Every structure is written in structure tokens, then in C-alpha cells.
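# Commentary on secondary and tertiary structure
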Amino acid sequence: MITQLSLTQTHEKLKSKEISCVELVQAYVDRIKKYNDDMNALVAVNEEYALEEAKQRDEGGGFSHPLAGIPFVLKDNYCSDESVSQAGSHILDGFQAPYDATSVKRMKDCGAIVLGKGNTDEFTMGASTETSYFGVTKNPWDLERVAGGSSGGPAASVAADLCVFSLGTDTGGSIRQPASLVGCTGLKPTYGRTSRYGVMSMASSLDTIGPLTKTVEDTALILKELAGRDVQDSTTADVPVPDYLEEIKKDVKGMKIGMPKEYFVDGMEEGVKKSIEEAIDQLKSLGAEIVEVSLPHTKYALAVYHTIGPLEISANMARYDGIRYGLKGEGAEDLVDYYRKVRNEGFGEEVKIRITIGRLIDAIGYADKFYKKARKVQALMKRDFDEVFEKVDVLVCPTSPSVAFKIGEKTHDPVAMYLSDIFTMPINLTGMPAISIPSRPSDNLPVGLQFIGNQFEEEKVLRVAHQYQIATEWASMRPEM
Amino acid sequence: MSVTKEQVRKIAEVTRIDLSDEEIEVLLPKLNSVVSEIKKLEEVDTEGVEPIAQITGLENVMEEDEVRQFEDISALVKCSPLAEGSFIKVKKSL
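What comes next concerns the included structure. (Residues numbered from 1 in each chain as written. Chains lettered and ligands numbered in written order. Predicted model: local features only at pLDDT ≥ 70, side-chain atom pairs only at ≥ 80, totals over all residues. Heavy atoms only, no water.)

So, about the environment of Glu66 of chain B. Residue and element names in this part refer to chain B. With respect to the helices and strands, the residue Glu66 is situated in the loop between helix H2 (21–38) and helix H3 (73–78). Judged by relative accessible area, which is 53%, Glu66 ranks as exposed. Along the primary structure Glu66 and Lys30 are separated by 36 residues, whereas in three dimensions their C-alpha atoms are 46 Å apart. (Helix = DSSP H or I, 4+ residues; strand = E, 2+ residues; numbered from the N terminus. Buried < 20%, exposed > 50% of the residue type's maximum accessible area, 1.4 Å probe, protein only.)

Below is the structure:
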């Protein structure tokens, strides 16, 4: 089936004219019509736009660029001028950006076609898409379970073959954790490797743009186009972009892969543990050397993340005021009353919690105790990773301590939800690249294997992930729908 | 340190969110749950450690202070739910 093909496979079919772009896009649109109502992965679908674009690609001919004519999904916090961007929130009711984010532009310039917007937790705050104003996204492997979050929509779209690839954002695990729970590939690049211009910020020192795909090879291809300095995002790095597609072809013989012992403690589901252990044995048989390492400050990651994050969130959420975009406030007496009413009606509970925590931490008497302290512990975490990367090339661990949990299971206590990101959060705090790819499922539910690299060493991460992926069958598995 | 209703009310004022008393009641235990996690930072010995500022080592990324015109200003104004012609009409602030 054409919709099961990876990006590179789809490109071959388009180039050889075995399939037209219109046929390709129509096939995906048909799948969306059939499955999206049950899954709620896409919150906006650009049927007319996408088919018109596809027609133009067919008339233009060529398909010389691998991304030409490829239909993809954008997470709902990306600004793009062909559809609404609401960041999963009521406060951005009907907002349509009059411009494209840089990352979107880079994809469109290669000829890729935006199929629609993928559902997200509200302003990407969550690990299950349950805080989305537009309802939860269901896991294609079991509709009673979550697809993870916050990029639940983008992840589920790829896993259910509703698109060829998607773009998401990862601040504490929001690309990798949903990729793990739905069984697709998700990369969080190094902070600053890709441009955040035009993507709605949650925590500006942690947010990272990245692709969700069916294969690591596809990831390498997309990253090549996404990566690189953007003058409109001053946090992007002026670091050369390697030829990722060439790098992934190298084998892993002699590569040193660290197993951080703090990521293999009790509390992990048995099925996940077995799956990861089997993957590590597979890596050994591919010629890699496994080394036990330690990242002693791992257990403080949640505390650091939920100190720094909320503070930055409260600053980034200040712009949502019902004036420049989105929801119109009613019944206000004056301007300040207007802000209060719009923001109370427009924001959901999790957003209010994080804004409140953010201001609390910054209050007089607490700033030094909590915020400055968190920045010091973050420095210690970075030091842990720097020391480990002097000894090994990459790290391996689970992406999530569990498989997809049931809808409603963790919504009673914010911290219960935050713990879903326990293996992903530390990597955002140290700015490093990490990928989640499928390993052996547990009880027919996907399990994610995570590789972590040093800053700007995506090529090593992609290389190990790709070599493992082509030696195993997990990436080709699809849910029964 | 436990979060109080008074603190939440003050913060709601500053962050311009019209939280009702009932909403504050609901939020309070959740806020305290998060604060309990944050307090674990107190156990870490950070003597002599500098707080980290920028994670990838960037410093003072400069840009020329040039005016650049956005191509379609009317499109920006149209985004506003309070747009009237080329203006955005807001409630009185005084």
C-alpha cells in the first residue's frame, strides 16, 4: 500500500512516475477520512489545498528533490499560512498565521505539501494530548490508550500512515515519548540545530523542532533540510550540517555505547525492560561495545525542568491577551478586565498551573532558592553528560518507562503525568540530541528505544539508530486498524 | 513551604487570569504537588557551581538594527478579534 511506504520509497515511486502526486495525496486524504474521526490525530485537514499543490507538482514534473510532493503534517503550534494554528488551545480560536515558520518554509521550498495540523497538548504542555482543547488523540494500536504527548497528533499520524512524516516540538520529551508510545521514529535534535522561528514557544531555552518519521533514513533526509543557522532565530547555531545520509551507512563496529545505570532502575515496566535489554544485545551483535556509565544527577531532572520550564512558560504565555490574535473576550469593563476574562476562559488548567508555578518561583525570596538553584543543578547535569561523552560515543536507554497508558489514567495528579518524561527530560536540560525508535513491542503495544548523543553529534545518533533499525523488523510494523 | 490561596490570588492578579475561588481550591493541591517535587533541589550540593546560562555556549548573537517591513501588514491586523479597519479597538485602560 502506497501509504505504508517511507519517504525515500515514496520518492522513488513519484520519480519513476509509477504513482502521481495527486494519487499519493488522495490516498492519504482517504485514510484520514476513514480513520481520523476515531483517532483525532489531525485537528485541521487541508484536502483542497493539498490536492491543488499535488496537481501543481505533477504538472511541474521532475520530482528531483526527495521531498517534492511529499505530504506531511505540522504540529498545531507551527505557524503556516495555509491552515489554522491553534496550539491545542481555545485562546487561539481560529487563528491563521499570515506567514510560514522557517522550518515550514524549508520543507515547502523542497516541494513538500502540508496535509494538516496535528493535535497537541495545550501549548505543548503535557505527555498525552489530554490537555488539548480539541480532545485527546488516541493511540492507533489501542484506541483506549493515549498516543503520548505533546506531539500526540503528529506521532499518531505517522504511525497510522495518515501522512509520510510530521514535524513536532520537544521540550521535555514531546517528540520522543509519543514516538515511543505509537511506534514511530522521533528525533529531538540539539538545541539550536533547527529553527524555532514561527513555532509558538513554550520554554524558550528548551524547545526544539524535530521530525517524526517511519524510518531513521527519512529522519536523516529531513534533518539535512531543517538544520542550519536561521538569522530569525538567534538561538540557532552556526555549526556545519553533516551529510547525515552518508553517515548513517557506516556500521557500528567498535562504537562505544553507554548504558546510564540511573535509567535502568525499578519502576520500569517488565515488558519495556525486556525489549530494551534485547535491543542492547542486538547492538552487541552488531559490533558495538556496551559500557556502563553513570549520570548521578538524573533524579533531579524533573525538579529542574519544572522550575525552569514554568518560569519561561509564564513569560511566553503573556502574549495571549485576546488582542492581537485568537479568542475574543466578552463582558469586560476595561482593558485589564478584558485580559483577565480572555485568559481565564482561553487557557486550560495545566497552562494555568504552570503559569502560576512560574510566577511563584520568581517571587521575592524564592528566586534564588529555586530558580538559581535549578540553574546550578542543570550545570551539574551538563557536567555529568560531558564527562560521560568523553568515554562513549552515544548513550542507550528506554524512551519511556511504560507503554501507552489508558486515557484518564494519569490526569489526577500533574506529577504522575510529568513522570512519563523521566527519561527524556534530562536531555532537553542539557541541549543534546536524542532519538526514539521502535524496539520489540510489549503485549502488542510499542516500546521506544532511545539513543542520546553529545551536542551537534546527530550523525552518531542517527547512525546507531539506523543500523539497529535495518537489522530488525520493528519499524515496519503497523497497527491493525 | 506550602502554596497558599492568598499567593495564588496575587499571582492570578499579576498574570491577568480571572481565577474564581472554586478554581483556586481545585488548583491548590496540584500546585503543592509540583512544589513538593521542586523542593527536592534543596538536597543538592551546589557549592561553587555557576548557574548555567546558555546551554550550547552562544554569546551575544548580534544583528543589525535595520527596519524590515512585513509584506502584508493588513493580514496581521486581520488576525485580531478586535480589528476595525486598519485599527485594533480595545477597551479603555484608564
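This brings us to the nonpolar core. All names here are of chain A. Formed by 116 residues in total, the largest nonpolar core has its most connected members in Phe123 and Phe451. Beyond its immediate stretch of four places on either side in the chain, Phe451 contacts Leu283, Leu395, Val396, Pro433, Ala434, Ile435, Ile437, Val461, Val464 and Ala465. Counting 56 residues, the second-largest nonpolar core is a separate cluster that includes Val104, Cys163, Ala179 and Val199. (Core = buried A, V, L, I, M, F, W, Y, C linked by side-chain atoms within 4.5 Å. Contact = heavy atoms within 4.5 Å.)

Residues and elements named next belong to chain A. Among the eleven residues of helix H7 (residues 216–226), eight are classified as buried, and the element is accordingly described as predominantly covered. Inspection of H7 places Val216, Asp218, Thr219, Ala220, Leu221, Ile222, Leu223 and Leu226 among the buried residues, and these make up the whole buried set. Just past H7, the residue Gly228 takes up positive phi, approximately 125°.

A few words now on the pairing of strand S2 (residues 71–75) of chain A. Residue and element names in this part refer to chain A. Counting buried residues along S2, five of its five residues qualify, which places the element largely inside the surrounding structure. Here S2 shows a buried face lined by Pro71, Val73 and Lys75 and a second buried face lined by Phe72 and Leu74. In terms of strand pairing, S2 meets strand S3 (residues 113–118) through five bridges, oriented parallel. When the bridges of S3 are listed, Val73 appears paired with Gly116. (Pairing = 2+ DSSP bridges.)

The subject of this paragraph is helix H1 (residues 5–14) of chain B. Given 3.6 residues to a turn, an α-helix orients residues that are three or four positions apart in the same direction. Among the residues of H1 of chain B, Val8, Ile11 and Ala12 of chain B are the ones counted as buried. One face of H1 of chain B carries all of its buried residues, which in axial projection span an arc of 105°. Of the exposed residues in H1 of chain B, those oriented more than 90 degrees away from the buried face are Lys10 and Val14 of chain B. Elements that come into contact with the buried residues of H1 of chain B comprise helix H12 (349–362) of chain A together with H2 of chain B. At the C-terminal side of H1 of chain B, Arg16 of chain B shows a positive phi close to 55°. (Arc of directions from axis to C-beta.)

This part is about the packing of H7 of chain A against helix H16 (residues 458–470) of chain A. All names here are of chain A. Orientation of H7 relative to H16, taken along the N-to-C sense of each, is 155°, at an axis distance of 9 Å. One way to sum up the angle between H7 and H16 is to call them roughly antiparallel. Contacts between H7 and H16 involve Val216, Glu217, Thr219, Ala220 and Leu223 on the former and, on the latter, Glu458, Leu462, Ala465, His466 and Gln469. (Axes fitted to C-alpha atoms, helices over the stretch in contact; angles between N-to-C directions. Parallel < 35°, antiparallel > 145°, perpendicular 65-115°, else oblique.)

Listed per partner, the contact involves 51 residues of chain B and 71 residues of chain A. Of the roughly 5300 Å² buried where chain B meets chain A, counting both sides, 71% is carbon and sulfur surface. Contact with chain A buries surface across chain B, with Arg16, Leu41 and Ile55 of chain B losing the most and accounting together for 13% of the total. The tally of links between chain B and chain A comes to four salt bridges. Between Glu23 of chain B and Lys352 of chain A there is a salt bridge; the shortest N-O distance is 3.3 Å. Summed over the shared surface of chain B and chain A, the result is 19 residue pairs in polar contact (both at pLDDT 80 or more). For the side of chain B that touches chain A, the element with the most residues is H2 of chain B, which contributes ten residues. Each residue belonging to the side of chain B that touches chain A can be placed in one class, and the counts come to 28 nonpolar, eight polar and 15 charged. (Buried area = accessible area lost by both parts, 1.4 Å probe. Salt bridge = Lys/Arg side-chain N within 4 Å of Asp/Glu carboxyl O. Polar contact = N/O pair within 3.5 Å; in protein donor to acceptor, adjacent residues only side chain to side chain. Nonpolar A, V, L, I, M, F, W, Y, C, P; charged D, E, K, R; others polar.)

Residue and element names in this part refer to chain A. Between Gly149 and Ser150 the backbone carries a cis peptide bond, its omega angle lying at 10°. Within the secondary structure layout, Ser150 lies in the loop between strand S5 (142–146) and helix H5 (152–159). With a phi angle near 65°, Thr129 is a residue other than glycine that sits in the positive phi range. Its location among the elements puts Thr129 in the loop between S3 and strand S4 (138–139). In this structure Thr129 comes out as buried when scored by relative accessible area, which is 0%. You will see that Asp443, though not glycine, has its phi angle at about 55°, which is positive. The topology assignment puts Asp443 in the loop between strand S12 (434–442) and strand S13 (445–453). Residue classification places Asp443 among the exposed positions, given a relative accessible area of 77%.

What follows concerns the environment of Leu41 of chain B. By the secondary structure assignment, Leu41 of chain B is in the loop between H2 and H3. With a relative accessible area of 1%, Leu41 of chain B lands in the buried category. In this structure the C-alpha to C-alpha distance between Leu41 of chain B and Lys92 of chain B, which are 51 residues apart in sequence, comes to 45 Å. Beyond its immediate sequence surroundings of up to four residues, Leu41 of chain B is in contact with Tyr300, Ala303, Val304, Thr307, Phe370, Lys373, Ala374 and Val377 of chain A.

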